[in-house]
Amino acid sequence: MATMKAVRIHSYGGSEVLKYEDTPRPDITDDEILVQVHAVGVNPVDWKIREGYMQQGLNHKMPLILGWDVSGVVAKVGSNVNNFQTEDDVYAYTSLRRNGAYAEYIAIPAHEVAHQPKSLDYIAAASVPVAALTAYQALFDAAKLSAGQTVLIHAAAGGVGSFAVQLAKNKGARVIGTASARNHSFLKELGVDEAIDYNQVHFEDVVYDVDVVFDTIGDEVQEHSWKVLKSGGILVSIVSPPSQSTATQHKVRAAFVAVQPNKAQLAEIAALVDAGILKPIVDTVLPLSETRQAHELSQSGHMRGKIVLQVIG
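Position labels on residues start from 1 in each chain and follow its written sequence. Reporting of local features is limited, given that this is a predicted model, to residues whose pLDDT is at least 70; pairs of side-chain atoms are given and counted only at 80 or more, and all residues count toward the totals for whole chains, interfaces and linings. By convention in this description, side-chain values take in all heavy atoms of the structure and omit both hydrogens and water.

S.K.: Which residues make up the overall build of the chain, and what values go with them?
M.R.: Of the regular secondary structure elements, the chain holds 11 helices and 16 strands. The C-alpha atoms of the chain give a radius of gyration of 19 Å, which matches the 20 Å a tight globule of 313 residues would have. In what follows, a contact means two residues having at least one pair of non-hydrogen atoms within 4.5 Å. Restricting to contacts in the chain with at least 6 residues of sequence separation, those with at least 24 account for 63%. Surface accessibility follows the Shrake-Rupley procedure with a 1.4 Å probe radius. Residue values consider only the protein chains on display as shielding. Accessible surface for the chain amounts to roughly 13500 Å². Of this, 47% is attributable to carbon and sulfur atoms. Side chains of the chain carry 26 positive and 34 negative charges; the gap between the two charge centres is 2 Å. Where helices and strands are cited, they refer to DSSP runs of H or I of at least four residues and of E of at least two residues respectively, numbered from the N terminus. Only C-alpha atoms enter the radius of gyration; for comparison, a globular chain is expected to reach 2.2 Å times N to the power 0.38, where N is the number of residues. His residues and chain termini do not enter the charge count, which takes Lys and Arg as positive and Asp and Glu as negative. Lysine's charge is taken at NZ, arginine's at CZ, aspartate's at CG and glutamate's at CD.

S.K.: Describe the layout of surface pockets, with residues and values.
M.R.: The method works on a 1 Å grid over the protein atoms by themselves. A cavity is a set of points holding a 1.4 Å probe that cannot get out, a pocket is an open set with protein on both sides within 12 Å along at least five of seven lines, and residues with an atom within 4 Å of a point line them. Grid points are joined across faces, edges and corners, and a volume is the space filled by probe spheres set on the points. For the second largest pocket, the calculated volume is near 240 Å³. Lining the second largest pocket are 15 residues, and of these Arg25, Pro26, Asp27, Asn99 and Ala107 lie nearest its centre. Listing elements by their share of the lining of the second largest pocket, those giving two or more residues are strand E2 (18–24) and strand E7 (105–109). Here the residues of the lining of the second largest pocket sort into 9 nonpolar, 3 polar and 3 charged. Side-chain classes are defined by residue name, with Ala, Val, Leu, Ile, Met, Phe, Trp, Tyr, Cys and Pro counting as nonpolar, Asp, Glu, Lys and Arg as charged, and the others, Gly among them, as polar.

S.K.: Pulling in residues and values, what's your account of the packing of helix H4 (residues 129–142) against helix H5 (residues 159–171)?
M.R.: Any two packed helices are characterised by the angle at which their axes cross and by the distance between the axes. Note on geometry: axes are C-alpha line fits, over the in-contact stretch for helices, and angles between N-to-C directions span 0 to 180 degrees. Put simply, H4 and H5 touch, their axes get as near as 8 Å, and they point 50 degrees apart. Overall, the two elements H4 and H5 adopt an arrangement that is oblique. Crossing hand, H4 versus H5: right-handed. Together, Ala131, Ala132, Thr134, Ala135, Tyr136, Leu139 and Phe140 of H4 and Gly159, Val160, Phe163, Ala164, Leu167, Ala168 and Lys171 of H5 make up the contact between the two elements. Oblique is the label for every angle not falling under 35 degrees (roughly parallel), over 145 degrees (roughly antiparallel), or within 65 to 115 degrees (roughly perpendicular). The hand of a helix crossing depends on one turn: near helix anticlockwise from the far one by less than a right angle means left-handed, and clockwise means right-handed.

S.K.: Residue-level account of the nonpolar core, with values.
M.R.: Ranked by internal contacts, the top residues of the largest apolar core, which has 90 residues, are Tyr102, Leu139, Val151 and Ile269. When residues of this core are assigned to their parent elements, the largest contribution, 10 residues, is made by H4. Filtering out sequence-adjacent residues up to four positions away, Ile269 remains in contact with Tyr91, Val128, Ala132, Leu133, Tyr136 and Leu278. By nonpolar core we mean a set of buried residues, namely Ala, Val, Leu, Ile, Met, Phe, Trp, Tyr and Cys, connected to one another through side-chain atoms within 4.5 Å. Buried residues are those whose accessible area, probed at 1.4 Å on protein chains only, stays under 20% of the maximum for their type, while exposed residues exceed 50% and partly exposed ones sit between those limits. Counting 15 residues, the second largest nonpolar core, distinct from the first, contains Leu152, Val207, Trp226 and Leu235.

S.K.: How would you sum up unusual backbone geometry? Please name residues and give values.
M.R.: A cis geometry characterises the amide bond from Met62 onward to Pro63, with omega recorded as -5 degrees. Positionally, Pro63 belongs in the loop between helix H2 (55–58) and strand E4 (64–65). A positive phi is found at Ala155, a non-glycine position, where the angle reads about 55 degrees. With respect to the element layout, Ala155 can be found in the loop between strand E9 (150–153) and H5.

S.K.: Please provide a residue-by-residue account of the sheet that holds strand E12 (residues 210–215), values included.
M.R.: Read across the open sheet, the 6 strands follow the order E11-E10-E9-E12-E13-E14; overall the sheet is parallel. Because the sheet does not close on itself, it has two edges, and the strands there are strand E11 (194–197) and strand E14 (253–256). The mean angle between the axes of side-by-side strands here comes to 15 degrees, regardless of whether they run parallel or antiparallel. Pairing of E9 with E12, which is carried by 3 bridges, proceeds in the parallel orientation. Bridged to Val151 within E12 is Val212. Packing against the sheet, H4 makes contact with E9, E12, strand E13 (229–237) and E14, and its axis sits at approximately 150 degrees to E12. Two strands are counted as paired when DSSP detects at least two bridges linking them.

S.K.: Which residues make up the side chain of Thr23, and what values do they have?
M.R.: Within the secondary structure layout, Thr23 lies in strand E2. A 3.5 Å cut-off defines polar contacts: any pair of N or O atoms within that distance qualifies, except that in protein one atom must be a possible hydrogen donor and the other a possible acceptor, and neighbouring residues in sequence count only when both atoms are side-chain atoms. A polar side-chain atom of Thr23 sits 2.9 Å from a polar atom in the side chain of Arg8. Residue contacts for Thr23: discarding those within four places in its chain leaves Ala2, Thr3, Met4, Ala6 and Arg8.

S.K.: Go over the side chain of Thr94 with me, naming the residues and quoting the values.
M.R.: Relative to the helices and strands, Thr94 resides in the loop between strand E6 (89–93) and E7. Residue class for Thr94 comes out buried when judged on its relative accessible area of 1%. Apart from residues no more than four positions distant in its own chain, Thr94 is found in contact with Trp68, Ile106, Ile108, Pro109, Glu112 and Pro261.

S.K.: How would you summarise the sheet that holds E2 if you had to cite specific residues and measurements?
M.R.: Spatially, 3 strands are ordered E2-E1-E4 in an open sheet, and the strand pairing comes out antiparallel. The sheet is open, and its two edges are formed by E2 and E4, each paired on a single side. As judged from the 7 bridges shared by strand E1 (residues 3–9) and E2, these two strands associate in the antiparallel manner. Pairing of Ile9 across the sheet is with Leu18, part of E2.

S.K.: Tell me about H5, and name the residues and values.
M.R.: Owing to its 3.6 residues per turn, the α-helix brings residues three or four apart onto one side. If you check H5, its first and last C-alpha atoms are 19 Å apart, about what 13 residues at 1.5 Å a residue would give, namely 18 Å. The element H5 is largely enclosed, with a buried count of 10 among its 13 residues. Listing the buried residues of H5 in full gives Gly159, Val160, Gly161, Ser162, Phe163, Ala164, Val165, Gln166, Leu167 and Ala168. To estimate the expected span of a helix, count its residues, drop one, and scale the result by 1.5 Å.

S.K.: Can you explain the environment of Val311? Please cite residues and give values.
M.R.: Assignment of secondary structure puts Val311 in the segment after strand E16 (306–310). On the basis of relative accessibility, which here comes to 18%, the residue Val311 falls in the buried class. With 145 residues separating them in the primary sequence, Val311 and Gln166 have C-alpha atoms 28 Å apart.

Okay, structure coming up:
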């Protein structure tokens, strides 16, 4: 049986449970493609699953390979797959319910995969799917953001936030973003109309009558966000389901978005990247063998853009 290098967990816990080891190379079904992984994005959901937060809902079997943000090259194509061929450059956000891409190979259903942006290398491409799809589905599928509206994006310099800023500006919205002062020039480069330093200002004291709040933080930030919405506005969270009763009290709406794989949206995002409208932001690149460090960086919560693991140099 062919083997590969992968990072797996055999039990839930801290970063020490991440094991860089040999494991069998996956087989594919007729509806899947085998991707030789070149790079894989690291996301907060990775370490949350590692720590066991989502174990009941996902019902994973151990050992488990984490990492669902992937770019690479098609190595094998299932017999029912007709829109990919070997050597194609692809990228994907693949379902959390299966083994991920902290590995040299991953089997992915073809309906979750798109051709990666032609203008990006594998590192940059791996930073896109989860963050861009999350921002896209929150702003457009849930919030129905449209030209002329105002959106408040929390943690606007982060992996998801930076894509949300660019997508909202491309739609013609006015964007307010929260970030530490050191990231304000970066936010201006992304197109933010007003940057708020959360260390110096309570955003709820200076922001009002926005159409959309995009909550990427939760807890107190979510609770303080209700008052900045105009009547009929919407708070969309990707962290914790906002209270529908609180939304009703404020005469606004609430939604929770758990990002889903979406091949068509990935293709649209790739076109925006190749047109120069969306630019991925990569903060740190580490080899697959340094996954523990990548998780610890991600958990620090102060990244500008994305962390990416390089599998093939």
